[in-house]
Amino acid sequence: MAISITEALDIIYQNTSAVSTEILPIEASLGRIVAEDYIAKFDLPGFDNSAMDGYAVKCADAGKTVDCNEVLYAGDTPKTNLKQGCAIKIMTGAPIPEGCEAIVPIEKIKIRGNQVMLPASIENGAHIRHAGEDIKNGIPYLHKGEKVNAYSIALLASQGVTHIMVRRKIKVSVFGTGDELRSHFEKIAPHQLYNSNTPMFLARAEELGCEVRYIGNSGDSIDSLKKMIAAAIDSDIILTSGGVSMGDKDFTKEAFGELGMKTHFSQVEIKPGKPTSYGKIKESAIVNLPGNPLASMVNYEIFVCALIAKMSGANAHYHGTISTQIAHDYQLRGGKYTACLGYFDGTSFAPLSQQLPGMVSPMHKANAMIITTPNLKFLQKGSTVKIIPIGWNMHRCQKEDFFTK
Ligand code: AMP
Ligand code: MG
């Protein structure tokens, strides 16, 4: 029996745990999910320092002309205390000398030999960066479940961290099914077809940070399918397309069943892609997607992306949406939960005019989709839709209702 999209996603989330961890140099951790909290071991900045090239002064000397016989550069250690009637020239990043109350930027003073004329008013603490104002010793600055990006690497480097514990890459194996299929690097006869789903699935998984393996094309026989499954079985995720509907040679689910797959769902109330199924053989998660390219893509975006996000250990693993308006009137059949591909240009979402389940070309044109509820039959130009991004994401830590009603 077909279950709802929401139920299917919940089953995936509940049955998926994060992959194991590994330790990597921070430079090699880009895109990985952090596996433990990182706590600051010292203040950043580590000491009070100057935010400007200028003069270290006392506030009481405002409006006066004071002596200046010393310069402090970034990296220096201050040797003298600042006394009233004196200034110390100081560069950005240099430590604040004892007794200094403010920094006056160079452009605000007048120089006469080794004397400087200070402005009429000087605010206490001006242009001083205080120890720990950026990161306080003892606080977590990077959290378990966050994705490493260039800025997390900056944080880690600023704390002198060389290695980080992250989730390992998810291993994804993919094969296509269908006697008519040939790989894109082979010659094909009339009535045969290039397998476009398998390279697409692999590329998308790679885009999502997985380690991918191309298994091949299975013929439409239980034996051939079982060979492919056996070759893929050591993976975290096995993805297939085709052979899951009502055809005489649709043996995919049967073959997986014979090899011990525990099926969690075998049909979803969604158009296109109702026969999408999900289950497990031991620890390997299996998603059998439909053969029709666009149908497989839509269900990949909804279910496989959710599975990968959860397995990656990311806190933000739920689909998130952007509310925008539809670019033109859109007529729907209604009666079913329906995924509709389209293009979001930053202002509105335009559904693609041609998008049939067996097509390949619309997928390339889409950067978002909406999923409409069965009661919705018409969307007037300008009405609000919730788009789910494709190829970029708005993943959230909390569940969101992503249906356009
Ligand atoms: P099936 O689900 O096996 O009945 O396949 C449905 C349709 O999708 C048929 O027209 C297949 O030829 C086509 N198809 C199946 N697998 C692929 C694939 N890997 N790449 C492109 N088209 C496919
Ligand atoms: Mg087939």
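Draft legend 1. Region of the structure containing the site of ligand 1. If you check the shell around ligand 1, you find 15 residues, and the closest are E180, N195, S196, G243 and G291. Between an oxygen atom of ligand 1 and a main-chain N or O atom of G243, the distance comes to 2.8 Å. Coverage of ligand 1 by the protein amounts to 78% of the 480 Å² it exposes when considered alone. Residues of the shell around ligand 1, tallied by class, amount to 4 nonpolar, 10 polar and 1 charged.

Draft legend 2. Just the domain arrangement of the protein, in detail. By domain assignment, the protein separates into domain 1 (5-19 + 169-311), domain 2 (21-44 + 133-167), domain 3 (49-129) and domain 4 (318-404). A C-alpha centroid distance of 60 Å is found between domain 3 and domain 4.

Draft legend 3. Spotlight on the sheet that holds strand 9 (residues 110-112). Pairing is antiparallel across the open sheet formed by 3 strands, whose spatial order is 5-10-9. Two strands lie at the open edges of the sheet, namely strand 5 (65-67) and strand 9, each paired on one side alone. If you compare each strand with its neighbour and ignore which way they point, the axes differ by 30° on average. With 3 bridges connecting them, strand 5 and strand 10 (residues 115-117) associate as antiparallel partners. Bridged to V66 within strand 10 is V116.

Draft legend 4. Spotlight on the pattern of salt bridges. As enumerated under the stated definition, the model contains 10 salt bridges in all. K249 is the salt-bridge partner of D179, the closest N and O atoms lying 2.8 Å from each other. With D179 in the loop between strand 14 (171-177) and strand 15 (181-182) and K249 in the loop between strand 18 (237-241) and helix 5 (252-258), this residue pair connects regions lying 70 residues apart in the sequence. For D179, a relative accessible area of 36% puts it in the partly exposed group. Of the residues examined, K249 reaches a relative accessible area of 45% and is grouped as partly exposed.

Draft legend 5. A look at helix 2 (residues 150-158). Within helix 2 the residues assigned to the buried category are S152, I153 and L156. Here the buried residues of helix 2 occupy an arc of 100° about the axis, which is enough to place them on one side. Buried residues along helix 2 sit in contact with strand 2 (38-39), strand 12 (140-142) and strand 13 (163-167). Put simply, N149 is the residue that caps the front of helix 2, since its side-chain oxygen is 2.9 Å from the backbone nitrogen of Y151. Where helix 2 terminates, the next one or two residues include G160, which has phi positive at roughly 70°.

Draft legend 6. Representation of helix 4 (residues 222-232) in the model. If you check which residues of helix 4 are buried, you get I222, S224, L225, M228, I229 and A232. Down the axis, helix 4 shows its buried residues gathered within 165° of arc, on one side only. Exposed and facing more than 90 degrees away from the buried side of helix 4 are D223, K227 and A230.

Draft legend 7. Structural detail: the environment of P45. In this structure, P45 sits in the loop between strand 2 and strand 3 (49-50). Sequence separation of P45 and S158 is 113 residues, and the distance between their C-alpha atoms is 9.3 Å. Among all residues touching P45, those that are not within four sequence positions of it are R129, H130, A131, G132, E133 and D134.

So, how was this worked out
- Residues numbered from 1 in each chain as written.
- Chains lettered and ligands numbered in written order.
- Predicted model: local features only at pLDDT ≥ 70, side-chain atom pairs only at ≥ 80, totals over all residues.
- Heavy atoms only, no water.
- Near = heavy atom within 4 Å.
- Polar contact = N/O pair within 3.5 Å; in protein donor to acceptor, adjacent residues only side chain to side chain.
- Areas by Shrake-Rupley, 256 points an atom, 1.4 Å probe, with all protein chains shown as cover.
- Nonpolar A, V, L, I, M, F, W, Y, C, P; charged D, E, K, R; others polar.
- Domains from an automatic or database assignment.
- Pairing = 2+ DSSP bridges.
- Helix = DSSP H or I, 4+ residues; strand = E, 2+ residues; numbered from the N terminus.
- Axes fitted to C-alpha atoms, helices over the stretch in contact; angles between N-to-C directions.
- Salt bridge = Lys/Arg side-chain N within 4 Å of Asp/Glu carboxyl O.
- Buried < 20%, exposed > 50% of the residue type's maximum accessible area, 1.4 Å probe, protein only.
- Arc of directions from axis to C-beta.
- Contact = heavy atoms within 4.5 Å.

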